[in-house]
Amino acid sequence: MTIPSSSPAFDESKAYIPHPPEGQPWFDDGREIQLLHFVYNQPNIEEIRGNPRKVLDAIDEFAKSQQYLMNVGHAKGKIVTDLIEEVRPATMLELGGYVGYSTILFADAVRRAGGKRYLSLERNPEFAAVATLLVDLAGLRDFVRIIIGRSDLSLHKLYTSGEVKHVELMFLDHYKPAYTTDLKLCEYYGMVSPGTVLAADNVLSPGNPPYLEYVRSSVAQKRKAVQDGAGKGYNYEGIKEHTKNQYKNKEGDEQPALDFPGNPNIVYESTLHHSFEPTGEPDGVEITKCVGIEQES
Ligand SMILES: C[S@@+](CC[C@H](N)C(=O)[O-])C[C@H]1O[C@@H](n2cnc3c(N)ncnc32)[C@H](O)[C@@H]1O
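Residues numbered from 1 in each chain as written. Predicted model: local features only at pLDDT ≥ 70, side-chain atom pairs only at ≥ 80, totals over all residues. Heavy atoms only, no water.

Colleague: It is not clear to me how the overall build of the chain should be interpreted in this structure. Could you clarify?
Modeller: The secondary structure content of the chain amounts to 13 helices and seven strands. Taking 19 Å as the expected radius of gyration for a compact globule of 297 residues, we find that the chain reaches 18 Å, a close match to that expectation. The C-alpha extent of the chain, read off along each of the three principal axes, is 65 × 45 × 40 Å. The buried share of the chain, reckoned over its 297 residues, is 55%. The contacts in the chain between residues at least 6 apart in sequence include a share of 80% that link residues at least 24 apart. For the chain, the exposed area adds up to about 13200 Å²; of that, 50% sits on carbon and sulfur atoms. In the chain, which carries 31 positive and 42 negative side-chain charges, the distance between the mean positions of the two groups comes to 4 Å. (Helix = DSSP H or I, 4+ residues; strand = E, 2+ residues; numbered from the N terminus. Rg over C-alpha atoms; globule rule 2.2 N^0.38 Å. Buried < 20%, exposed > 50% of the residue type's maximum accessible area, 1.4 Å probe, protein only. Contact = heavy atoms within 4.5 Å. Areas by Shrake-Rupley, 256 points an atom, 1.4 Å probe, with all protein chains shown as cover. Lys, Arg positive; Asp, Glu negative; His and termini not counted. Charge placed at Lys NZ, Arg CZ, Asp CG, Glu CD.)

Colleague: Explain the site of the ligand here, please?
Modeller: Close contacts around the ligand come from 21 residues, with Val72, Gly96, Ser102, Glu122 and Asp173 the closest. A distance of 2.7 Å separates an oxygen atom of the ligand from a polar backbone atom of Val72. Within the backbone of Arg123, one N or O atom sits 3.1 Å away from a nitrogen atom of the ligand. Relative to its free-state accessible area of 610 Å², the ligand is covered by the protein chains to the extent of 98%. Of all the secondary structure elements, the ones that give two or more residues to the shell around the ligand are helix H5 (101-112) and strand S2 (117-122). Tallied by class, the residues present in the shell around the ligand amount to nine nonpolar, eight polar and four charged. (Near = heavy atom within 4 Å. Polar contact = N/O pair within 3.5 Å; in protein donor to acceptor, adjacent residues only side chain to side chain. Nonpolar A, V, L, I, M, F, W, Y, C, P; charged D, E, K, R; others polar.)

Colleague: Explain the packing of aromatic side chains to me, please; I cannot follow it from the model alone.
Modeller: Aromatic ring pairs are described here by two measures, namely the spacing of the ring centres and the angle between the planes. Counted by the stated rule, this structure contains 15 aromatic pairs. Look at Tyr175 and Tyr234: their rings are 5.4 Å apart centre to centre, the planes differ by 75°, and that puts the pair in the edge-to-face class. Of this pair, Tyr175 sits in the loop between strand S4 (169-172) and helix H8 (178-188) while Tyr234 is found in the loop between helix H11 (219-227) and helix H12 (241-244), placing the two residues 59 residues apart along the sequence. Taken together, Trp26, Phe27, Tyr98, Phe127, Tyr175, Tyr234, Tyr236 and Tyr247 form an aromatic cluster joined through their ring pairs. One Lys or Arg, Lys222, reaches over the ring of Tyr214 and ends 5.4 Å from the middle of that ring. Above the ring of Tyr236, the side-chain terminus of Lys244 is found at 4.6 Å from the ring centroid. (Phe/Tyr/Trp six-rings, centres within 6.5 Å; stacked < 30°, edge-to-face > 60°. Lys NZ or Arg CZ within 6 Å of the ring centre and 35° of its normal.)

Colleague: Which parts of the structure should I look at to understand unusual backbone geometry?
Modeller: Generally, phi is negative for residues other than glycine and the peptide bonds are trans, each holding for most cases. Note the cis peptide between Ser205 and Pro206, where omega equals 5°. The residue Pro206 is located in helix H9 (residues 203-207) in this model. Of note in this structure, Asp28 is not a glycine but carries a positive phi near 60°. Here Asp28 is to be found in the segment before helix H1 (31-40). One non-glycine residue, Tyr98, lies in positive phi territory at about 50°. Relative to the helices and strands, Tyr98 resides in the loop between strand S1 (91-95) and H5. Assessed through its relative accessible area of 6%, Tyr98 is described here as buried.

Colleague: Can you walk me through the sheet that holds S4 in this structure?
Modeller: Neighbouring strands of a sheet are bound in pairs by backbone hydrogen bonds; such pairs are parallel or else antiparallel. Read across the sheet, seven strands follow the order S3-S2-S1-S4-S5-S7-S6 without closing on themselves; strand pairing throughout is mixed. This sheet does not close on itself; its edge strands, each paired only once, are strand S3 (144-148) and strand S6 (266-276). Between one strand axis and the next, the sheet turns by 15° as a mean value, whatever way the strands run. On the sheet, H5 packs against S1, S2, S3 and S4 and is oriented at approximately 160° with respect to S2. Along the sheet, helix H10 (residues 209-216) contacts S4, strand S5 (197-200), S6 and strand S7 (282-293); its crossing angle with S7, the most-contacted strand, is approximately 30°. (Pairing = 2+ DSSP bridges. Axes fitted to C-alpha atoms, helices over the stretch in contact; angles between N-to-C directions.)

Colleague: In this structure, what is going on with the pairing of S6? I would like to understand it.
Modeller: Both S6 and S7 contribute to a ladder of eleven bridges, which runs antiparallel. Bridge pairing in S7 places Thr271 opposite Ile287. Here S6 hands over to S7 after five residues, with Gly280 in that stretch at a positive phi of 105°.

Colleague: Please explain the nonpolar core as it appears in this structure.
Modeller: The tendency in soluble globular proteins is for nonpolar side chains to be buried side by side. Counting 54 residues, the largest nonpolar core has Ile59, Ile84, Met92, Ile104, Phe106 and Leu134 as the members making the most contacts within it. Counting residues per element, this core draws most heavily on H5, at seven residues. Leave out the neighbours within four places in its chain, and Leu134 touches Leu35, Leu36, Val39, Tyr40, Val55, Ile59, Val99 and Ile104. If you look at the next biggest cluster of nonpolar residues, it comprises 32 residues, including Leu121, Met170, Tyr189 and Tyr211. (Core = buried A, V, L, I, M, F, W, Y, C linked by side-chain atoms within 4.5 Å.)

The structure is reproduced here in structure tokens:
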């Protein structure tokens, strides 16, 4: 199956409340706990129990009628569930789980496709707690593991413990400057090899130019960048100020805990899939496949 690089028109009947204007909170202001109460107070809670689709519907209803939530949403979600059907990973990784919307949507798809487990890496323990309860409600407790901590340290531990040696399919949806540093960490450990597929959210809104540049670069361009000393710390070029500082209040200054040069010899094929935020704002998912590793001559 080939996923088209443009998606159908946005379905307005599913639109979330708009993203609050800049300067106003859009997460971590108590809304995640309100969501839990909203879902568990649904009159049909017994029908919702054990049904991933119905849990997602209840989360969508909250974000349509109560407060905006930074979920991947139905339009971009479909791009990734189609990809799951194509790749059929035994294990899928997710960087940034928030309240568990993408976790439930994608873990259910991986399970249907015959997969074995879904690992969701989430830094904020409160969000992870909310996600744990919603994953449990969806009947996915035995399939999903939510790993609390910053993604670079969790990826390092998954690799060094022998638990994940190869990335089959990874969804990137966390701190935008960390997409590139985390990918380079996976490359450095040899976790990226032909067959690895990456799906990166929000590459148009709020945007992630350094990541797009990296996955679209040729081997020659990446080798030159390494020679020129690239790849130290986060690259904030073209990243919006509010995105850069998004998690500053709770997690302090943003620096990668582990910073690797990556493997410039990896050959990627990368395509932008135009779609929409759950509010209807245009966005895109970048799907990147590792198709080879060039030997140095
Ligand atoms: C946009 S939300 C994820 C939304 C979720 N994927 C969904 O579609 O339902 C981003 C999440 O990434 C988490 N996050 C940010 N930086 C992180 C890091 N370095 N490691 C792990 N999680 C991180 C945030 O706490 C937040 O919950």
